Structure formats: structure tokens, C-alpha cells
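Geometric and topological summary
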Amino acid sequence: MTQINYQFTEDFARQMDAEDPLRSFRDKFLFPQVNGQEAIYFCGNSLGLQPKSVRSYLHKELENWANLGVDGHFHGEDAWYHIRQKSKPALADIVGAHTHEVVAMNNLSSNLHFLMVSFYRPTKERFKIIVEAGAFPSDMYMLETQVKFHGLNPDEVIVELKPREGEHLLRTEDIIAEIERQGESLALVNMAGLQYYSGQLFDMQAITAAAHAVGAYAGFDLAHAVGNAPLKLHEWEVDFATWCSYKYMNSGPGNISGIFVHERFADRPDLPRFGGWWGHDEAQRFLMEKGFVPMHGADGWQVSNTNVLALAAHQASLDIFEEAGMDRLRSKSELLTGYLEYLIEQISGKSGILEIITPKNPQERGCQLSLHIHRGGKAVFDEWYSQGVVGDWRNPNVIRLAPTPLYNSFLDVFRFGLILEQSLKKFA
Ligand SMILES: *Cc1c(COP(=O)(O)O)cnc(C)c1O
């Protein structure tokens, strides 16, 4: 990354926007209004904005449904029966996989449960699960109930990784040391790829290698990593992963999830799974016979037939990602988040009101910065919101701001800087 001399001036921000090869992508999205003005939207980590193209993608499927009825399943190139195939090249590019290692299906937490069926099979000797402390609640409930489902006690199974005393982040060396300490009792490392609260991007390659070295599986929840951080799931030998499409992937509230299963497991019908007809050998699906034969690759984990309307909205966004390219998005993201970090440090300086807890090293974070609020609490957040800044507040004391490279501009970040400057006077 080239070194930039950031400046807290409107001219500088406009110059950066003028030089941004992705600047035109902002026009592809719809921005909400807050208090009668266009929001400074830094909440793509929670719900990405709506691409303008979504309506036409949905409309197309509504038309197919209207005009073809049931024949839509097998009609033409985009027949619903095969429609998931269309989403695979973009998904594979975004997560760094082969197309047969990914498939769009279900929702995130449900997919975690389905994947646990295959990748968490505790024995008397090997039953422990490592997760980061303070994981997203859904992941904690998922793990707790999975463990109980196996008749085990979560307190004896789930090992939570905590930062060192006085630190906010996990050190890779400590994660690896814990994996080694658990050794042969460890069945699974199941962590976030990018932690939702702190914004820390974990070294998934090193964690996976350490897990494999003790004979355990490594799987990641990529809710905050997908479409945000560079991912090479295949090359990193990650066993499995899942994500959602409504955060950085801009596919609409609660929309379809996706899974990755490494090609090592592509032809492993012996791996236990909870089957359904859509995971069954496509060629024989309509023979309606007994005997589950899983499809090759990630497809073999599908359960229900494809949610076509959901996937249509997702496809609108995937096509935008293909056009922008993860490499270009990442380059801009580092600059944009770097600018936000610079302004926060310049403006809040030694006020003691804010502290960025997200890693300083761009290689250890995505676009989100998490700010510990030491004074003023949620009132700081409310003040920003009243000025049009949409971020989010996470108890007990964190504000998350995520300038996303697809639709945020340097001018957005500059404008936030002005609001920050004003607000700090109130809370000084
Ligand atoms: C957003 C998020 C979820 C949400 O799960 P859903 O099943 O999509 O409701 C789960 N885990 C993490 C880490 C998240 O960030």
C-alpha cells in the first residue's frame, strides 16, 4: 500500500474521490435519509445498501413465475432448477474457492448447524471446541445447543479465547498456543473470520494449520469477512465456512447465506449430514427413490430447493462485486478506512473520549473501525445519528463505523470528521 499524506480538508477528500477508480459504484446504490438528508451510511457491516439493480433482477423472476408457472424450473438458461450455478463464480471469487466448493443456501446460523453435523462429531477423547470469547450471540447459542445435542456439557467442551489482561484483541500466537494446549482433545476450532465487535481479522491460515496439526477441523463464520476482507479459503485449507449476504454483500435483510466446504470433502458420502432432496444426486433427484446420495462438493450439503427470489436479489449484488473486483475493493478499503482512522486520531486526539480498538495494521482488519467510548456513552452515538451518521452501537460501549469501498466516498469520511469535531466539544 502506498503511503498517503491524509489531510482533514474537503479538497483532499474530493481529490481522493476524483482519483478513485471505483467512484462510479456509489451511483449503483440507494441511500436512506436521516432527518431529511442523505445518510452518511457506515453500517454496511450490519445491513448493506440496496443496489438499484435489485428490482430488475427480482422483476425478472416474478415475470418468469407469472409467465411460466411451474415450467420456470426447467425453462431456458436461467431455469430455477440450476439457478444456483450462476451465483457460484462470483461467490468463489469472493471467498477464494473453486466453484464446486461453494453454494448459496439457507441462512447463516442454520448453515452453521448443518455444517456442525459433519464437522463436529465428538468422541470420548476428542470433543473440545475453541471459539473466541464474546462471539456473536447466534454463534454462542449454536455451539451451546450443538454441544447439548450430543449430551455434553458446554462448560466442559467450549474453550473461549480471551485477550490478555488489558488488551482488546487476540494474539495469533495465543490462539495457536491454546490449540496446541488442547491437542488431541480438540475436535474443532469454530471462530469468526473477522470479529464483529472488535473488527479484528484473524489469521485463518495459521489457525487452520494449527488445528490440522492436532487433528482438529477449522471452520469460520465469515459474516463480517465476506465481501470485506481478502479470503483464500481453498488455499488456506479451511475445512468449512459460512456467511450471510446482507451485510457487506448488500443482498437484502435476512437474505440467503452461502457455504464453503473444502474440496477434500467433495466426494465423501461417508461424512454424516442432514440430507434433503436438493443435496441428493441431481441426475436421480426425480426418481423419488430411497437412499441419499450426496452431490459432489458443497452442493451435497444443500437441503431444500433454491430460494429463487432471494437468490435473484443476491445475484444483483454478486454481479456488482464481479465488476468491481475484490482486489480493487480491498485497495480502496484500506485507503478509506485509513482516512477514517486518521481523522479520528487527529480530531479526538488526546480528548480521551474515544479509543479505536480495531487493529492498526490494515492486514488485521477489514473496513470497520470499532471505537470504545470512554465518556458520553450512547449519547455520543445518538448525537452523530442526529447529524445523519448511520453506524451502530454495541453494548456495553462500542460504536462501529464501517466505510465500505463499494458505495462510501472519502467525502463521506470527511463529513463525518466535521461532525466528530463538533460533537467532541459537547462531550469534552
Ligand atoms: C450477523 C451475524 C449472524 C447472523 O446470523 P443469521 O443466521 O443470519 O441471523 C451470525 N453470526 C455472526 C458472526 C454475525 O455477524
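Residues numbered from 1 in each chain as written. Predicted model: local features only at pLDDT ≥ 70, side-chain atom pairs only at ≥ 80, totals over all residues. Heavy atoms only, no water.

To continue, consider the overall build of the chain. Of the regular secondary structure elements, the chain holds 12 helices and 17 strands. In terms of overall dimensions, the chain is globule-like: its C-alpha atoms have a radius of gyration of 22 Å, near the 22 Å expected for 428 residues. Seen along its three principal axes, the alpha-carbon backbone of the chain occupies a region of about 70 × 60 × 35 Å. A burial count over the chain gives 55% of its 428 residues as buried. Summarising the internal contacts of the chain: among those between residues at least 6 apart in sequence, 72% fall at separations of at least 24. Looking at the chain as shown, the accessible area adds up to about 18500 Å², and 51% of this sits on carbon and sulfur atoms. When the 39 positive and 54 negative side-chain charges of the chain are each reduced to one mean point, those points stand 4 Å apart. (Helix = DSSP H or I, 4+ residues; strand = E, 2+ residues; numbered from the N terminus. Rg over C-alpha atoms; globule rule 2.2 N^0.38 Å. Buried < 20%, exposed > 50% of the residue type's maximum accessible area, 1.4 Å probe, protein only. Contact = heavy atoms within 4.5 Å. Areas by Shrake-Rupley, 256 points an atom, 1.4 Å probe, with all protein chains shown as cover. Lys, Arg positive; Asp, Glu negative; His and termini not counted. Charge placed at Lys NZ, Arg CZ, Asp CG, Glu CD.)

This part covers the pairing of strand β10 (residues 217–221). Most of β10 sits out of view: four of its five residues are buried. Of the strand pairs in this sheet, β10 and strand β11 (residues 240–243) are connected by three bridges, and their pairing is parallel. The partner of G219 across the bridge, within β11, is F240. (Pairing = 2+ DSSP bridges.)

Neighbouring the ligand are the residues L108, S109, F136, D139, D221, A223, H224, Y246 and K247. A distance of 2.7 Å separates an oxygen atom of the ligand from a polar atom in the side chain of S109. Contact between the ligand and K247: an oxygen atom at 2.5 Å from a side-chain N or O atom of the residue. Starting from 400 Å² of accessible surface for the ligand in isolation, the protein chains cover 84%. (Near = heavy atom within 4 Å. Polar contact = N/O pair within 3.5 Å; in protein donor to acceptor, adjacent residues only side chain to side chain.)

Strand order across the open sheet formed by seven strands is β6-β12-β11-β10-β9-β7-β8, with mixed pairing between neighbours. Only two strands of the sheet have a single neighbouring strand rather than two, namely β6 (102–105) and β8 (158–161). The sheet shows a mean angle of 20° between the axes of neighbouring strands, taken without regard to direction. Alignment of strand β9 (residues 186–192) against β10, held across five bridges, turns out to be parallel. Considered in β10, the bridge of L188 is made with Y217. Strand contacts of helix α3 (residues 84–95): β6 and β11, with the helix running at about 120° to β6, the strand carrying the most contacts. This element, helix α4 (residues 108–119), spans β6, β7 (128–132), β9, β10, β11 and β12 (257–261) of the sheet and lies at about 170° to β11. (Axes fitted to C-alpha atoms, helices over the stretch in contact; angles between N-to-C directions.)

Moving on, we get to empty space enclosed by the protein. Counting across every chain of the model gives two cavities of 30 Å³ or more. Estimates place the volume of the largest cavity at around 80 Å³. Forming the walls of the largest cavity are G227, N228, Y248, N250, F321, L329, S333, T404, P405, L406 and Y407. Shared between two domains, the lining of the largest cavity takes at least three residues from each, and those domains are domain 1 (10–30 + 326–427) and domain 2 (58–323). Its volume calculated, the second largest cavity comes out at about 30 Å³. Around the second largest cavity, the lining residues are R330, S333, E334, T337, P362, R365 and G366. (1 Å grid on protein atoms, 1.4 Å probe; cavity = no way out; pocket = protein on both sides within 12 Å on 5 of 7 lines; lining within 4 Å. Points joined across faces, edges and corners; volume = space filled by probe spheres on them. Domains from an automatic or database assignment.)

A few words now on helix α12 (residues 410–427). Here α12 spans 26 Å end to end across 18 residues, near enough to the 26 Å set by a 1.5 Å rise per residue. Within α12 the residues assigned to the buried category are F410, L411, D412, V413, F414, F416, G417, I419, L420, S423, L424 and F427. (Expected span 1.5 Å × (residues − 1).)

With omega at 0°, the peptide bond leading from N395 into P396 counts as cis. Residue position: P396 is located in the loop between β16 (392–394) and β17 (398–401). Located in the positive-phi region is N250, a residue other than glycine, with phi close to 55°. Checked against the element boundaries, N250 lands in the loop between β11 and β12. The class of N250 is buried, set by a relative accessible area of 2%.

Residue position: S198 is located in the loop between β9 and α8 (204–213). In this structure S198 touches H168, L169, I357, T358, P359, Q368 and S370, once residues within four positions along its chain are discounted.

The next point concerns the pattern of salt bridges. Counted under the stated rule, the structure contains 26 salt bridges. Across the pair K378 and D382 runs a salt bridge, and its minimum N-O distance is 3.2 Å. Of this pair, K378 and D382 both sit in helix α11 (residues 378–386), four residues apart, which is roughly one turn of the helix. The exposure class assigned to K378 is partly exposed, which follows from its relative accessible area of 37%. Through salt bridges that share partners, R84, K88, E282 and D299 make up one connected network. (Salt bridge = Lys/Arg side-chain N within 4 Å of Asp/Glu carboxyl O.)

This brings us to the UniProt feature "modified residue: N6-(pyridoxal phosphate)lysine" (unreviewed entry) in the chain. Per the UniProt record, "modified residue: N6-(pyridoxal phosphate)lysine" (unreviewed entry) is annotated on K247. Summarising the element assignment, K247 is placed in the loop between β11 and β12. If sequence neighbours within four positions are ignored, K247 has contacts with G44, N45, S46, L47, G48, A223 and H224. (UniProt positions renumbered as here; feature names shortened; annotations may be inferred.)

Okay, the layout of surface pockets next. When its volume is computed, the largest pocket comes out at roughly 470 Å³. What lines the largest pocket is a set of 21 residues, among which L201, P230, L231, W236 and Q363 lie closest to the centre. For the lining of the largest pocket, the secondary structure elements donating two or more residues are α3, α8 and α10 (326–348). At three residues, α10 tops the list of elements feeding residues into the lining of the largest pocket.

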